[in-house]
Amino acid sequence: MSFTPHGKNLIAGHWVATDRSFISAPAHGSAHSFSTGTAALVTEACEAAEAAFATLGQSTAEARAALLNVIADEIEARGEAITEIGTQETGLPGARLQGERGRTTGQLRLFAEHILKGDYLDRRQDSALPDRAPLPRPDLKMIQRPIGPVAVFGASNFPLAFSTAGGDTAAAFAAGCPVVVKAHAAHPGTGEIIAEAIHAAVEKTGMPAGTFSFIHDDGHEIGAALVQHPLIRAVGFTGSLAGGRALFDLCAARPAPIPFFGELGSINPMFLLPEAAATRGADIGAGWAGSLTMGAGQFCTNPGIAVVLPGAESFITAAEAALKDAGPQTMLTDGIADAYQRGLARVSGGSGVSELAGGTGEARKATPALYRVSATDWLGNHDLQEEVFGPMGIVVEAETPEQMAEIARAIEGQLTVTLHMEPGDTDHAKTLMPLIERKAGRILVNGFPTGVEVADTMVHGGPYPASTNFGATSVGTLAIRRFLRPVCYQNLPDALLPEGF
C-alpha cells in the first residue's frame, strides 16, 4: 500500500484546500505541497468541535472506547504506508516507525480499556443526612466531566505517538472531548495519513464530524489562532521551551484563561554513585552512550548530563569510546540539526569545559558529542543546564557528595532523574532522594530514561520547565484526567445524573 499526500486540511469531515501552500522538506524521497490553514478554517473547526461536544461529551464510555479501538484498527490497516511516508519525511528508520506505530495503537487500546473500568471518573458520594443536627446534609455526588474542545500540537520528534493520534488526542477522546490538531510541518504527510485513519473511524462509529479536525501550517499563525479561539478549552503540546512558553502565555492572556499542558525541555540528569562507578562504571558508560545516541538524541528523556564523583574514570572512558565509534545520524529537520550545532557551540565555549568527543556534522546529520566540566563551573554557568536537543552529553565532576547534592538542588524541573547505585550507595542515595523527588516526574534506579512505558503508573511530566503543569502527565492513563474537571451534584435525581453513576 503506497500513499501520496493530497495536502488538504480536514475540517469537520471535509478535506479542504486553500490558496496558500508550503512544500515539505523530507529527509529523502519526494517533497509534496500542503495547503496552509487559515483563521477562518480554525473558526470552522472549533465551531464544529463545540457542536460535536454536545454528543461526544454525553457519550457512553463504550462508545468512546469503540472510537479509540477503531482508530487503532484504521492505523494498523495503513501500517506499511505510514512507515513509508514517515521514514521519508523524518529520516527515522523503518523499525523505529513500526515500533512507534505499535506504541500509538497500544495507547489507544489501553485508554479504551481504562475508561470501561470507570476508575478515571473518581466517583464520590456523601449520602444525605436529613436528621443531622444542627443542620441536615444534602445528598452529594462528584464525578469527573469532559471540559470541551481540545487543541493538540503535533510533535517533531514523535510523528506518531505524540502527534496526530498520539497521547494527547487519545486522552481527549477518552475523556469525551473533540480535538483540533495543528499538524507539524516536519511530517505533514505522516500527519495526513493518520488524520485519514481518524476520519474513517469517526465515520464508522457514527461520531459527529466535528469530533476531529486537522489543520496544516508551516509557521505560527494557525497555532496562535487555535489557542486563542474562545471555544478551545485546553491545549496539549510537546515541543521546544521557547515555542511552548509563547503558546502558554497566549493561553494565560485570554479573557478566560485555559490550561496549557506543555512538555517543554529537560536534561534528565543521572547521578552516578561511588560503588556503582567502581563496580559497573564501564558498563554504565557504554549504556549511557547508547541512550544518548538513540534516535540521534532526539528524545525528550535524553539523559544529557551525568554527575559523578572522583573515581569514575572507567565510566567516562567507556562513554567517550562508544560515542567516538558512533557515526553521524540524520536529524528530524534541518532546523533541529542547526539548533544542535548552535547548542554544541554554546556548551563548548563555556568556562572550564573540555571536549572528549567532537560533535561536528553536515547538513541534516549529527555526530555525538561529549564534554566534561567541574561541578563548580557547571553551577556557575546556566547555559550548561539548558537542553541541547541531540546526541550530546556532559560529565559534571563533583568533588564531594555535598557538592553532588548542591547540583541536585540547582537543577530545574525535569521529566526524569536517574540514580546509578549499588546496595552500598543506599545511604548516599537517601540524601539525594528528597532533593530529586521535588525536581522530576519519574525517578529511575540503574536504568536509562529513554523509552517511556505506556502504563497506568507512568508520569511523563515534571516541574517547569519540563512541563507547564507538573500535576499532570502526557503518557499513561492518568493523562485522561487533564481533559476532565470535577463537578458536584447536590440532590439531583438519578434521571439528571451523567453517565457513570
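Further up the page is the structure itself.
Residues numbered from 1 in each chain as written. Predicted model: local features only at pLDDT ≥ 70, side-chain atom pairs only at ≥ 80, totals over all residues. Heavy atoms only, no water.

(A) Layout of the overall build of the protein chain. Within the protein chain one finds 14 helices and 21 strands. Computed over its C-alpha atoms, the radius of gyration of the protein chain comes to 24 Å, within 12% of the 23 Å expected for a compact globule of 501 residues. The C-alpha extent of the protein chain, read off along each of the three principal axes, is 70 × 70 × 40 Å. For the protein chain, with 501 residues in total, the buried portion stands at 57%. Put simply, 77% of the contacts in the protein chain that link residues at least 6 apart link residues at least 24 apart. Just so you have it, the protein chain exposes about 19,200 Å², and 53% of that area is on carbon and sulfur atoms. Taken together, the 35 basic and 53 acidic charged side chains of the protein chain have centroids lying 6 Å from each other. (Helix = DSSP H or I, 4+ residues; strand = E, 2+ residues; numbered from the N terminus. Rg over C-alpha atoms; globule rule 2.2 N^0.38 Å. Buried < 20%, exposed > 50% of the residue type's maximum accessible area, 1.4 Å probe, protein only. Contact = heavy atoms within 4.5 Å. Areas by Shrake-Rupley, 256 points an atom, 1.4 Å probe, with all protein chains shown as cover. Lys, Arg positive; Asp, Glu negative; His and termini not counted. Charge placed at Lys NZ, Arg CZ, Asp CG, Glu CD.)

(B) Spotlight on the environment of Leu-116. Assignment of secondary structure puts Leu-116 in helix H4 (residues 94–117). With relative accessibility at 46%, the residue Leu-116 sits in the partly exposed group. Sequence spacing of Leu-116 and Ala-61 is 55 residues, and the spatial spacing of their C-alpha atoms is 5.8 Å. Ignoring anything within four residues of it in the chain, the contact list for Leu-116 reads Ala-61, Glu-62 and Ala-65.

(C) Geometry of the layout of surface pockets. What the second largest pocket holds in volume is close to 170 Å³. Along the wall of the second largest pocket there are 13 residues; nearest its centre are Arg-103, Phe-158, Phe-299, Gly-451 and Val-452. (1 Å grid on protein atoms, 1.4 Å probe; cavity = no way out; pocket = protein on both sides within 12 Å on 5 of 7 lines; lining within 4 Å. Points joined across faces, edges and corners; volume = space filled by probe spheres on them.)

(D) Up close: the state of the cysteines. What the rule picks out here adds up to zero disulfides. Not part of a disulfide, Cys-177 finds its nearest cysteine sulfur in Cys-46, a span of 13 Å. For Cys-177, a relative accessible area of 0% gives the class buried. Unpaired in terms of disulfides, Cys-251 finds its nearest cysteine sulfur in Cys-46, a separation of 12 Å. (Disulfide = S-S within 2.5 Å.)

(E) Broad picture of unusual backbone geometry. Ala-133 connects to Pro-134 through a cis peptide bond whose omega is 10°. Looking at where Pro-134 falls in the secondary structure, it is placed in the loop between strand S5 (124–126) and strand S6 (140–146). Here the residue pair Tyr-464 and Pro-465 is connected by a cis peptide bond, since its omega of 10° sits within 30 degrees of zero. Its location among the elements puts Pro-465 in the loop between strand S20 (440–445) and strand S21 (484–490). For Asp-122, which is not a glycine, the phi torsion comes out positive at approximately 50°. Relative to the assigned elements, Asp-122 resides in the loop between H4 and S5. One non-glycine residue, Asn-446, lies in positive phi territory at about 55°. Turning to its location among the elements, Asn-446 is positioned in the loop between S20 and S21.

(F) Molecular detail of the side chain of Thr-477. Its place among the elements puts Thr-477 in the loop between S20 and S21. Beyond its immediate sequence surroundings of up to four residues, Thr-477 is in contact with Leu-110, Phe-111, His-114, Ala-455 and Asp-456.

(G) Broad picture of the sheet that holds S6. Sheet architecture is open: three strands sit in the order S5-S6-S21, paired in antiparallel fashion. Each edge of the sheet is formed by a strand with only one pairing partner; in this case those strands are S5 and S21. On average, each strand axis in the sheet is tilted by 25° relative to the strand beside it, whichever way the strands run. Relative to S21, S6 is paired through seven bridges, and the arrangement is antiparallel. Of the residues in S21, the one forming a bridge with Ile-143 is Val-487. (Pairing = 2+ DSSP bridges. Axes fitted to C-alpha atoms, helices over the stretch in contact; angles between N-to-C directions.)

Nothing here speaks to function; it is geometry throughout.
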